[in-house]
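Notes for the structure review
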Amino acid sequence: MTDVERTRRIGENEALFRRVNNAVEEINDAREVDLDELEIICECGDPGCVERIPVSPSEYQALRQEPTHFAIRPGHVIASVEQVIARNGRYWTIEKHEGRPARIARELEAREHG
Amino acid sequence: MTEADRVNENPTTPERIAANDAAFRHANEGISETAEEYELTEGLLPFICECADPRCTAVTQLTRQEYEEIRSNPAWFMNVPGHEVAAREYGRVRKTNDRYVIVEKIGTAGEIARELDPRVAEAEERDGVA
């Protein structure tokens, strides 16, 4: 697999996890109950990872404001395509590197929203 | 009173259980479509538990083949192991492994599951069924 293909595959894995987490949020919204916490899954580039991360609805909304940002479990960063921009005890926020990784993240986000 | 209000008033009705299952299934159809679009067809993919507990958002992993096997029957739902008890007398276990349990909805819950399955509606439209 070339670097380009690998970067794209990592981006697609993360976009799929984001799709799952958006579905979790939609389900919670549909219940019309104010929840203090969402249990999202780690949005790292490892397709086999389904570790859970507790986040508040506002934290999740803030994360989704920027298509190049993802929440991962501490340590799950892939330094060749992303960098850590915030940390807490529950999760790290990563930002895709400008260039191909960020472009792919934006493209996949746009595709999901039609 | 709307159908949704009626169902929400009684969380243990088969209607409520089937409606809840359908919501999770809708979410998983979107996940499956996204995986297909990205050609993530090899290995395990994350799916949300389709159990009858409306508060559950547990995630487990299935291959697309396993997911499609479950979706081949509109009354079958994927549950995280142990969550099948939420279906109470409205479901029976058809298959179990260490990652998921297939629960078949029975009686009224099964009929509603079929009514709410978008794939059934699409197939009927394709076949010209009124």
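Keep in mind that this is a model prediction, so the values were computed, not measured. Position numbers for residues count from 1 along each chain, tracking the sequence in the order it is written. A letter from A marks each chain and a number from 1 marks each ligand, given out in the order of writing. It should be noted that, the model being predicted, local features are given only for residues of pLDDT at least 70 and side-chain atom pairs only at 80 or more, the latter also being counted only at that level, while totals for whole chains, interfaces and linings use all residues.

**Focus on the overall build of chain A**
Helix and strand content of chain A: 3 helices and 5 strands. Secondary structure elements of chain A, listed N to C terminal, follow the sequence α-β-β-α-β-β-β-α. The C-alpha atoms of chain A give 14 Å as radius of gyration, which agrees with the globular expectation for 114 residues (13 Å, within 12%). When its C-alpha atoms are laid out on the principal axes, chain A stretches across 45 × 35 × 25 Å. Each residue is classified by how many other C-beta atoms fall within 10 Å of its C-beta atom, where C-beta atoms are placed from the backbone; a count of 20 or more means buried, 12 or fewer means exposed, and values in between mean partly exposed. For chain A, the residues scored as buried account for 33% of the 114 residues in total. Partitioning the contacts of chain A with sequence separation of at least 6, the portion at a separation of at least 24 is 46%. Here a helix means four or more residues in a row that DSSP labels H or I, a strand means two or more in a row labelled E, and each is numbered from the N terminus. We compute the radius of gyration from the C-alpha atoms alone; for a globule the expected value is 2.2 Å times N to the 0.38, where N is the number of residues. Note that contacts rest on C-beta atoms placed from the backbone: two residues are in contact if these are within 7 Å.

**Quick notes on unusual backbone geometry**
Residue and element names in this part refer to chain B. Look at Glu39: it is not a glycine, yet its phi comes out positive at around 60°. Within the secondary structure layout, Glu39 lies in the loop between helix H2 (14–37) and strand S1 (45–48). Overall, Glu39 belongs to the exposed group, with 9 C-beta atoms counted inside 10 Å. Located in the positive-phi region is Arg88, a residue other than glycine, with phi close to 50°. Along the chain, the position of Arg88 falls in the loop between strand S3 (76–79) and strand S4 (91–96).

**Structural notes on the interface of chain B and chain A**
The parts lose accessible area when they come together, and the size of an interface is often stated as this lost area. Between chain B and chain A, the contact holds 17 residues from the first and 17 residues from the second. Considering every element that reaches the side of chain B that touches chain A, the biggest residue donor is H2(B), with 7 residues. For the side of chain B that touches chain A, the class distribution of residues is 12 nonpolar, 5 polar and no charged. In this classification, Asp, Glu, Lys and Arg are treated as charged, Ala, Val, Leu, Ile, Met, Phe, Trp, Tyr, Cys and Pro as nonpolar, and every other residue, Gly included, as polar.

**Some points on the packing of helix H1 (residues 3–30) of chain A against H2(B)**
Axes here refer to lines fitted to C-alpha atoms; in helices the fit is confined to the stretch in contact. Angles between the N-to-C directions go from 0 to 180 degrees. The interhelical angle for the contact between H1(A) and H2(B), taken along N-to-C directions, is 165°, at an axis separation of 10 Å. The angle between H1(A) and H2(B) places the two elements in the roughly antiparallel class. At the point where H1(A) passes H2(B), the crossing takes the right-handed sense. Contacts between H1(A) and H2(B) involve A:Leu16, A:Arg19, A:Val20, A:Ala23, A:Glu26, A:Ile27 and A:Ala30 from the first element and B:Ala23, B:Phe24, B:Ala27, B:Gly30, B:Ile31, B:Thr34 and B:Ala35 from the second. An angle below 35 degrees is read as roughly parallel, one above 145 as roughly antiparallel, one from 65 to 115 as roughly perpendicular, and any other as oblique. Crossings are sorted by hand: turned counterclockwise from the far helix by less than a right angle, the near helix makes the crossing left-handed, and turned clockwise it makes it right-handed.

**Re the packing of H1(A) against helix H3 (residues 100–112) of chain A**
Residues and elements named next belong to chain A. Packing of H1 against H3 brings their axes to within 9 Å, and their N-to-C directions diverge by 40°. The orientation of H1 with respect to H3, classified from their angle, is oblique. In this structure, H1 meets H3 at a crossing whose hand is right-handed. Where H1 abuts H3, its residues Val4, Thr7, Arg8, Gly11, Glu12, Ala15 and Arg19 lie against Arg100, Pro101, Ile104, Ala105, Leu108 and Glu112.

**Overview of helix H4 (residues 107–116) of chain B**
Side chains that are three or four residues apart share a direction in an α-helix, a result of its 3.6 residues per turn. Residue and element names in this part refer to chain B. Burial in H4 covers these residues: Ala109, Gly110, Ile112 and Ala113. Buried residues of H4, seen end-on, are gathered within an arc of 165° and therefore sit on one face of the element. Summarising the geometry of H4, the exposed residues directed more than 90 degrees from the buried face are Gly107 and Glu115. Residues of H4 that are buried sit in contact with H2, S4 and strand S5 (101–105). Starting at the helix axis, one direction is taken to each C-beta atom, and the arc is that of these directions.

**Brief notes about the nonpolar core**
If you look at the biggest cluster of nonpolar residues, it comprises 52 residues, and the most contacted ones within it are A:Val20, A:Ala71, A:Ile72, B:Phe47, B:Ile48 and B:Met78. Broken down by element, this core gets its largest block of residues, 7 residues, from H2(B). To define a nonpolar core, we join buried Ala, Val, Leu, Ile, Met, Phe, Trp, Tyr and Cys residues through C-beta atoms within 7 Å and take the resulting set.

**Focus on the pairing of strand S2 (residues 52–55) of chain A**
Residues and elements named next belong to chain A. What you see with S2 is a clean split: Ile53 and Val55 sit on the buried side and Arg52 and Pro54 on the side with no burial. Pairing of strand S1 (residues 38–41) with S2 involves 4 bridges; the strand directions are antiparallel. Bridging across to S2, Ile41 finds its partner in Arg52. The pairing criterion is simple: DSSP has to find at least two bridges between the two strands.

Function cannot be inferred from these measures alone, as they are strictly geometric.
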